[in-house]
Amino acid sequence: MRLAYVQLLWVVFTLIGLVAFGLFPATFSLFHVVRRWLRGETDVSVSRTFSSHYRETFFQSNLLGLCVIFGVALIAVNLIFIDVTAPDNLTLIHILLFAVILLYTLFLFYLFPAFVHFEDSILKVMRNAFLFMLVSPVHTALMAVSLAALGAIFYFLPPLAFIFGMTAYSLTTTWFALMAFNKLNSKAPNS
C-alpha cells in the first residue's frame, strides 16, 4: 500500500507543478522517500517527507531536470541528423551514438539516487552519478538486468505499471545505487 501511495503522491505532485515544472521535483521526492525506507527509516510520514522535499528542492531539481532534457534533446537531434544523412547504412557514427545513448541511460539510473543521497551542487551530483556508473560495473549491470525484468513484468501486466511503476523503478535503482555508494564509502578510509 505504501508503494502505491507514493506512486499516487508522485502523480499528484507532478500535476501540481503543471507536469513541466512538477515532474522532476516529484520524481526526486519519490526517490528521497524510497531512499529513507531503504536506510531503515520506515516510520517517517510519507506525505510530509514527500511534500517537504518537493518544496525544498523544487528549483534545484527542475534545473537538474533541464540538464537531463538537454542531454536527451541533444541525442535526439543527433539521431535525426544521422537518420537523414545516412538512413540505410550502419556507420561508425551510429555505433558511437548508440554507445553514448547506453552510457547516458546508465548515467540516468544513478542520477536520481545520487541527487537525494549526496545533496550537493548539480555539477557534483552529475559527476558522482557518472563516476559511480563507471566504477560500479557489477551494480550497474545488475540494475540494468533488474530494470529489464521489471519492464517485462509491466509489459505483460500493465495495471501494475500504473500502480507501482515509478516506485518500483525508484526502489530498484536506489537499492543498487546505495549498495554501490556504500561499497565505495567502505573502501575510502583504507585508501
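The structure we're discussing is the one just above.
So, a few notes on the structure that sits alongside this text. All figures in this text were calculated on a predicted structure; none of them were measured in a lab.

### Some words on the packing of aromatic side chains
With the rule as written, the count across this model stands at 17 aromatic pairs. Here Phe13 and Tyr54 contribute two aromatic rings whose centre-to-centre distance is 4.9 Å and whose plane-to-plane angle is 65 degrees, an arrangement assigned as edge-to-face. Here the residue Phe13 occupies a position in helix α1 (residues 2–16), and Tyr54 occupies one in helix α3 (residues 46–56), the gap between them amounting to 41 residues. For the pair shown, Phe13 and Tyr54 are each scored as buried. For the ring pair Phe24 and Phe112, a centre distance of 6.5 Å and an interplane angle of 0 degrees mean the geometry is stacked.

### Notes on the packing of helix α4 (residues 58–85) against helix α5 (residues 92–118)
Where α4 meets α5, the closest approach of the two axes is 11 Å, and the angle between their N-to-C directions is 165 degrees. If you check the angle between α4 and α5, you find them roughly antiparallel. The two elements α4 and α5 meet at a crossing, and its hand is left-handed. Every residue of α5 that contacts α4 at Gln60, Ser61, Leu64, Cys67, Val68, Gly71, Val72, Ile75, Asn78, Leu79 and Ile82 is listed here: Ile93, His94, Leu97, Phe98, Val100, Ile101, Tyr104, Leu108, Leu111 and Phe115.

### Observations concerning the side chain of Thr14
Along the chain, the position of Thr14 falls in helix α1. Each residue touching Thr14, except ones within four places of it in the same chain, is listed here: Val19, Gly22, Leu23 and Ala26.

### With respect to the nonpolar core
One finds Phe50, Tyr110 and Leu111 to be the most contacted residues of the largest nonpolar core, which totals 46 residues. Mapped by element, the contributors of at least two residues to this core are α1, α2 (23–38), α3, α4, α5, α6 (122–135), α7 (137–156) and α8 (158–187). The element best represented in this core is α5, accounting for eleven residues. When residues no more than four places from it in sequence are discounted, the contact partners of Phe50 are Val6, Leu9, Trp10, Phe13, Ala26, Ser29, Leu30 and Val33.

### Quick notes on the packing of α5 against α7
Following both chains from N to C, one finds α5 and α7 inclined at 95 degrees, their axes separated by 11 Å at the closest point. As judged from the angle between their axes, α5 and α7 are roughly perpendicular. Within the contact between the two elements, α5 uses Leu106, Phe109 and Tyr110 and α7 uses His139, Thr140, Met143, Ala144 and Leu147.

### As for unusual backbone geometry
Of all residues except glycine, most have a negative phi; of all peptide bonds, most are trans. Here Val19, not a glycine, exhibits a phi torsion of approximately 60 degrees, which is positive. Summarising the element assignment, Val19 is placed in the loop between α1 and α2. A positive phi angle, close to 45 degrees, is found at Glu119, a residue other than glycine. The residue Glu119 is located in the loop between α5 and α6 in this model.

Criteria and cut-off values
- Residues numbered from 1 in each chain as written.
- Predicted model: local features only at pLDDT ≥ 70, side-chain atom pairs only at ≥ 80, totals over all residues.
- Heavy atoms only, no water.
- Phe/Tyr/Trp six-rings, centres within 6.5 Å; stacked < 30°, edge-to-face > 60°.
- Helix = DSSP H or I, 4+ residues; strand = E, 2+ residues; numbered from the N terminus.
- Buried < 20%, exposed > 50% of the residue type's maximum accessible area, 1.4 Å probe, protein only.
- Axes fitted to C-alpha atoms, helices over the stretch in contact; angles between N-to-C directions.
- Parallel < 35°, antiparallel > 145°, perpendicular 65-115°, else oblique.
- Left-handed = near helix turned anticlockwise from the far one by under 90°.
- Contact = heavy atoms within 4.5 Å.
- Core = buried A, V, L, I, M, F, W, Y, C linked by side-chain atoms within 4.5 Å.

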